Amino acid sequence: DCVQYCGGQTSICCPNKMGEIADPVQLKEEGNKHFQAGEIDKAIECYTKAIKSCKDKTALAVIYRNRSACFLKKENYNNAVSDASKAIDVDAADIKALYRRCQALEKLGKLDMAFKDVQRCATIEPKNKTFLETLRRLGAEIQQKLKTTFSTDSRVQNMFDILFSDESDKEKQEKAANNLIVLAREDAGAERIFQNNGMPLLVQLIDTGKPEMILAAIRTLSGMCTGHRARATAIIHTVGISKLCSVMAVDNEEIVLATANLLQCVYDSLSGGDKRNYGKEEALVLDSSKDLKDILLALLEMITSKKVSGHGRDQALNLLTKNVPRKDKKNTDNTKALFTIDHGLKKILKVCGQVPDLPDQLPLTENTQLIASVLLNKIYDDLRCDPERDNFRDICDEYIKSKFDPNDMDKNIHAINTLSGLLQGPFDVGNVLAGRQGVMEMMVALCGSEREVDQLVAVEALIHASTKTSKASFFISNGVTLLKDMYKKTKNEKIKIRALVGLCKLGSAGGDDYSMRQFAEGSTEKLAKQCRKWLCNPTLDVRTRKWAVEGLAYLTNDADVKDDFVDDEAAMRAMFELSKDKTILYAVACTLVNCTNSYDKKEIIPEMVQLAKFSKQHVPEQHPKDKKDFIERRVKKLLKAGVTSALTVMVKADSSVLTDQTKEMLARVFLALADDIKDRGTIVAQGGGKALIPLALEGTDKGKIKASHALAKIAAVSNPEMAFPGERIYEVVRPLVSLLNTERDGLENFEALLGLTNLAALNDKLRVKILKEKALPEIENYMFEEHDQIRQAATECMCNLVCCKEVQDRYLEDGNDKLKLLVLLCGEDDVQLQRAAAGALAMLTAAQKKLAVKITKVTGQWLEIIQRLCIHDNPEIQHRGLVTVFNMLDADEQLAKKLIESELLEILTFVAKLEDNPKKQDAINAARTCLSRAMDTGLIKPFSN
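Residues numbered from 1 in each chain as written. Predicted model: local features only at pLDDT ≥ 70, side-chain atom pairs only at ≥ 80, totals over all residues. Heavy atoms only, no water.

Draft legend 1. View of the overall build of the protein chain. Scanning the protein chain from N- to C-terminus turns up 54 helices and zero strands. Classification of the 945 residues of the protein chain by burial places 52% in the buried group. Considering only contacts within the protein chain whose residues lie at least 6 apart along the sequence, 67% involve residues at least 24 apart. Just so you have it, the protein chain exposes about 45,000 Å², and 50% of that area is on carbon and sulfur atoms. (Helix = DSSP H or I, 4+ residues; strand = E, 2+ residues; numbered from the N terminus. Buried < 20%, exposed > 50% of the residue type's maximum accessible area, 1.4 Å probe, protein only. Contact = heavy atoms within 4.5 Å. Areas by Shrake-Rupley, 256 points an atom, 1.4 Å probe, with all protein chains shown as cover.)

Draft legend 2. Spatial organisation of the environment of Leu180. Topologically, Leu180 is positioned in helix α8 (residues 170-184). A C-alpha to C-alpha distance of 6.4 Å links Leu180 and Thr220, two positions 40 residues apart in sequence. With residues near it in sequence (within four places) discarded, Leu180 still touches Met159, Phe160, Leu163, Ile193, Leu202 and Thr220.

Draft legend 3. Spotlight on helix α38 (residues 701-717). Taking 1.5 Å of rise per residue, 17 residues should cover 24 Å, and α38 covers 25 Å from first to last C-alpha, within 8% of that figure. Of the positions making up α38, those classed as buried are Gly703, Ala707, Ser708, His709, Ala710, Leu711, Ala712, Lys713, Ile714, Ala715 and Ala716. Contacts made by the buried residues of α38 are with α35 (660-673), α36 (680-685), α37 (688-697), α39 (720-723), α41 (733-738) and α42 (746-760). (Expected span 1.5 Å × (residues − 1).)

Draft legend 4. The pattern of salt bridges, seen in detail. Applying the stated criterion across every chain, the model contains 57 salt bridges. A salt bridge links Arg436 to Asp397, with the nearest nitrogen and oxygen atoms 3.0 Å apart. Remark: Asp397 occurs in helix α20 (residues 386-403) and Arg436 occurs in the loop between α22 (427-434) and α23 (439-447); sequence separation between them is 39 residues. Among the salt bridges present, the one from Glu632 reaches Lys628, with a minimum N-O distance of 4.0 Å. Residue Glu632 and its partner Lys628 are located together in helix α33 (residues 628-640), separated by four residues, close to a single helical turn. Overall, the relative accessible area of 40% leaves Glu632 in the partly exposed class. Using a relative accessible area of 59% as the deciding quantity, one classes Lys628 as exposed. Salt bridges sharing common partners tie together Asp563, Asp567, Arg633, Arg634 and Lys637. (Salt bridge = Lys/Arg side-chain N within 4 Å of Asp/Glu carboxyl O.)

Draft legend 5. Highlighting the packing of helix α21 (residues 409-424) against helix α24 (residues 452-465). The interhelical angle for the contact between α21 and α24, taken along N-to-C directions, is 25 degrees, at an axis separation of 9 Å. One element, α21, and the other, α24, form an angle in the roughly parallel class. For the pair α21 and α24, the sense of crossing is left-handed. Together, Met409, Ile413, Ile416, Asn417, Ser420, Leu423 and Gln424 of α21 and Val453, Asp454, Val457, Glu460, Ala461, His464 and Ala465 of α24 make up the contact between the two elements. In terms of residue class, the contact of α21 with α24 is made up of eight nonpolar, four polar and two charged. (Axes fitted to C-alpha atoms, helices over the stretch in contact; angles between N-to-C directions. Parallel < 35°, antiparallel > 145°, perpendicular 65-115°, else oblique. Left-handed = near helix turned anticlockwise from the far one by under 90°. Nonpolar A, V, L, I, M, F, W, Y, C, P; charged D, E, K, R; others polar.)

Draft legend 6. Quick peek at the packing of aromatic side chains. Taken as a whole, this structure holds two aromatic pairs when the rule is applied. With centroids separated by 5.3 Å and ring planes inclined at 50 degrees, the aromatic side chains of Tyr99 and Phe131 adopt a geometry described as tilted. One end of the pair, Tyr99, is in helix α5 (residues 95-107); the other, Phe131, is in helix α7 (residues 129-164), with 32 residues separating them in the sequence. As far as burial versus exposure is concerned, Tyr99 and Phe131 are alike and both buried. Ring centres 5.1 Å apart and planes at 55 degrees place the aromatic pair Tyr380 and Phe392 in the tilted group. Placement of Tyr380 in helix α19 (residues 368-381) and of Phe392 in helix α20 is noted, with a sequence separation of 12 residues between them. Both residues of the pair, Tyr380 and Phe392, belong to the buried class. A cation over an aromatic ring shows up here: Lys765 above the ring of Tyr730, its NZ or CZ 4.7 Å from the ring centre. (Phe/Tyr/Trp six-rings, centres within 6.5 Å; stacked < 30°, edge-to-face > 60°. Lys NZ or Arg CZ within 6 Å of the ring centre and 35° of its normal.)

Draft legend 7. Summary view of the side chain of Glu780. Turning to its location among the elements, Glu780 is positioned in helix α44 (residues 776-782). When near neighbours in sequence (up to four residues on either side) are disregarded, Glu780 contacts Met798, Arg810 and Lys818.

Draft legend 8. Structural context of the environment of Gly198. Its location among the elements puts Gly198 in helix α10 (residues 198-207). Given a relative accessible area of 0%, Gly198 falls into the buried group. For Gly198 and Val156, which are 42 residues apart along the polypeptide, the C-alpha to C-alpha distance reads 8.4 Å. Setting aside its immediate chain neighbours within four residues, Gly198 contacts Phe160 and Ile193.

Draft legend 9. Region of interest: the side chain of Thr648. Mapping Thr648 onto the fold places it in helix α34 (residues 643-651). Of the polar contacts made by the side chain of Thr648, one reaches the backbone oxygen of Thr644; its length is 2.8 Å. Apart from the residues within four sequence positions on either side, Thr648 is in contact with Gln686, Gly687, Gly688 and Ala691. (Polar contact = N/O pair within 3.5 Å; in protein donor to acceptor, adjacent residues only side chain to side chain.)

Draft legend 10. Structural detail: the packing of helix α50 (residues 862-870) against helix α51 (residues 875-891). Packing of α50 against α51 brings their axes to within 7 Å, and their N-to-C directions diverge by 130 degrees. By the angle between their axes, α50 is oblique relative to α51. The residues of α51 that touch α50, namely those facing Trp862, Ile866, Leu869 and Cys870, are Ile877, Gln878, Gly881, Leu882, Thr884, Val885 and Met888. Considering only residue class, the contact of α50 with α51 consists of eight nonpolar, three polar and no charged.

Draft legend 11. Here's a closer look at unusual backbone geometry. The phi dihedral of Asp360 is positive, around 60 degrees, even though this residue is not glycine. By the element assignment, Asp360 lies in the loop between α18 (335-352) and α19.

Draft legend 12. Inspection of the nonpolar core at higher detail. Judged by nonpolar contacts, the single largest core of 264 residues is most densely connected at Phe392, Leu535 and Tyr811. The element best represented in this core is helix α14 (residues 253-273), accounting for 10 residues. Excluding its chain neighbours within four sequence positions, the residues that come into contact with Phe392 are Ile341, Leu345, Leu376, Ile379, Tyr380, Leu383, Pro426 and Val429. In this structure, Leu27, Ala61, Ala69 and Leu98 belong to the second largest nonpolar core, which totals 38 residues. (Core = buried A, V, L, I, M, F, W, Y, C linked by side-chain atoms within 4.5 Å.)

Draft legend 13. Structural detail: the environment of Thr58. Examined against the element boundaries, Thr58 turns out to sit in helix α3 (residues 57-73). Residue classification places Thr58 among the exposed residues on the basis of a relative accessible area of 56%.

Draft legend 14. Just the state of the cysteines, in detail. According to the stated counting rule, one finds zero disulfides in the structure shown. Unpaired in terms of disulfides, Cys804 finds its nearest cysteine sulfur in Cys803, a separation of 8.5 Å. Unpaired in terms of disulfides, Cys826 finds its nearest cysteine sulfur in Cys799, a separation of 9.8 Å. (Disulfide = S-S within 2.5 Å.)

Taken by themselves, the reported measurements are silent on function.
Below you can see the structure in the form of structure tokens.
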């Protein structure tokens, strides 16, 4: 047989080259050889073939027993139990099959069944120590589990008693509620609550109507269903989707957020987040598609219900945004998006079209309509073909047309506001619909209306239509005149600032191209000055001041405006304060990207410029104030005004508002701020290191690279434990490793290596994390790099990593040149490179004596290189060389003799006789230790006693 269970012999097997052997005995032997060689998958394949062709029941039982051992090795415990059971069905006293089934059952947590199997084993072989020990251990575990279960059951009941008692004081009830929540987060505790009639009791807590009781019940339910499909299904059918939605509809932000989290946990568990194996219960919880659809329908119903609070509506939209679009575009199934379009697109459009200043509108927050636009954009992006996109556009077109009514101005502004929502979301759809007959005429009519609300809606639509100047040709040709007229004629500050923002957008169409300024010299600065004035005016309402930031986001394409803005510290601080309002994150991020010039710049090739001039094509020109020294000055001013703290707050915004594009822009700004090594301490002190981690892990590919590079810059020169306190330090490893990709540029590779070197110096847990992220092959490759600094950085990183046993094992492996490369690097002329390589060699030979011997076999130059290290002018390199010599003397008697018979003895004697010198003391002491070792082993003798 093929597995050792209590001292028995193990037999194993080798693959069948032709794959055509039909004899089950031969196949079984093949499988045994594979098992013995550790080739478990091949062994399973052989045993499976043998099972198919075997007719003899006794032989079949042995094969099943052997395959059970394979499944145990693969940690596939359900299959291990199944195969062992089939062997036991043939022979109830098959002791190996019984013990294997016991092991698998224990791993599955079925201790009572495992106990019965090992009990039978101990009955058959009462003197077997393995069986007796397992029997004792399982018995103790079962007793402890029973004790815990009874204790937990009584605690659960006690907590509910306290919560429902009218006599319990508030402090006692709060403590009971918190204990219940904590218990629910542990699988065993959650199961005890579930088994002890917990669901109906939690529903009763919700029905009390007391906010603290509702929160306790909702958070307990969240803990119970997280990652557990069966309990999530039970919550859907016991508590009910409609009740959960009614709780999320209340006007209490804390309860709304907790309920949204519960619904997300339920949705995740039902849609595949739960990886548990339920065995026979699987069929009961497997098909959850109806429940998932019911959740989506309930959320779509919520977004247009007047009974739902603004916070509730926001969270319903957020849940749809998280769960409707595909998370991976490689997955071709976008049925959730199509389902949402069919059942809820018009409802989302209704939310976009709400005008808070009119009567009889849905309760909204300041973020609601922006979140609805983001949802529309994500659904549209999730569509896979033109017919699907055409259907989306047609539904939007039909909805807007149905709202136009010459006799009802309120309906008209609802239609135009809906169009604004589309222009902020799927812009292409909004732009097409804006060109439809009657839309521009309606804009003109609203602009000329005497009602403030009509003018506000019209001018905001014009602003959103001007967002993409290359595509919004219709509005640019027709809207400029309207905006200019409104700006000049209106006395209403709210309308005036919005008209100005529209003009700012159109005026920035040339980007940072100095030769394509849209307005006359000085006009852009005047517009920006007015925006700064509004921004700093605390008497204006927040919404109006936010529009001033929108204007600056476009005007700061002009370098004169950038310089004026950073010189106005009050305006910068006012913008940072406003950025706490999540709806203007994108505008603030745009302004900062412009001020730091951290946008992508096209490389200007002189030959192409000459060619363009010759063919009379437009040649972009750089503004004089967009040169490096001006950019550095602006960065210093931003840092002084507290930009890092503002960015840190922005990064913490809700994911529905902090889009991937916004994250990318924030990452760009961080990278620009971290460019000067002197500023990195300020960034760390204001929390910039921590804020960069989520930007490096989520967002666009380009954004993640920029954030990772900024992290590398900080990790390369700061104390990582201060820059990334606590467990966050482990999250920094992956972004840095991503920069080692050969597609990244040399500076990114270099600074990532420096950062990893600092991390690897801290502790073994970090070193193991670096290895788990598969950084070692990349670091080894860069040790061959032609660029001196990158090669040096890679070697220094390896010097710190060799403390890790896994790295040492790789150097011990036969058939690679890793140790040879390290020895040869010790012979290079670059002092820093030599220092790092010699340090790595000293640590490797100290940790593994076999490596000290292996040095002599990797290259014929080894002795010459070691001798050069021992007489090096640099005391650190000399010390490391002498430590390596001591390790070699200590490793092998023959090697020690060879070293002492060489010129190395003369070198050791010379260094050991030097007078004590603080600068060289480590090297002198190492040489003396080497001679002492040689004397101890009898290789040399002193001249006198």
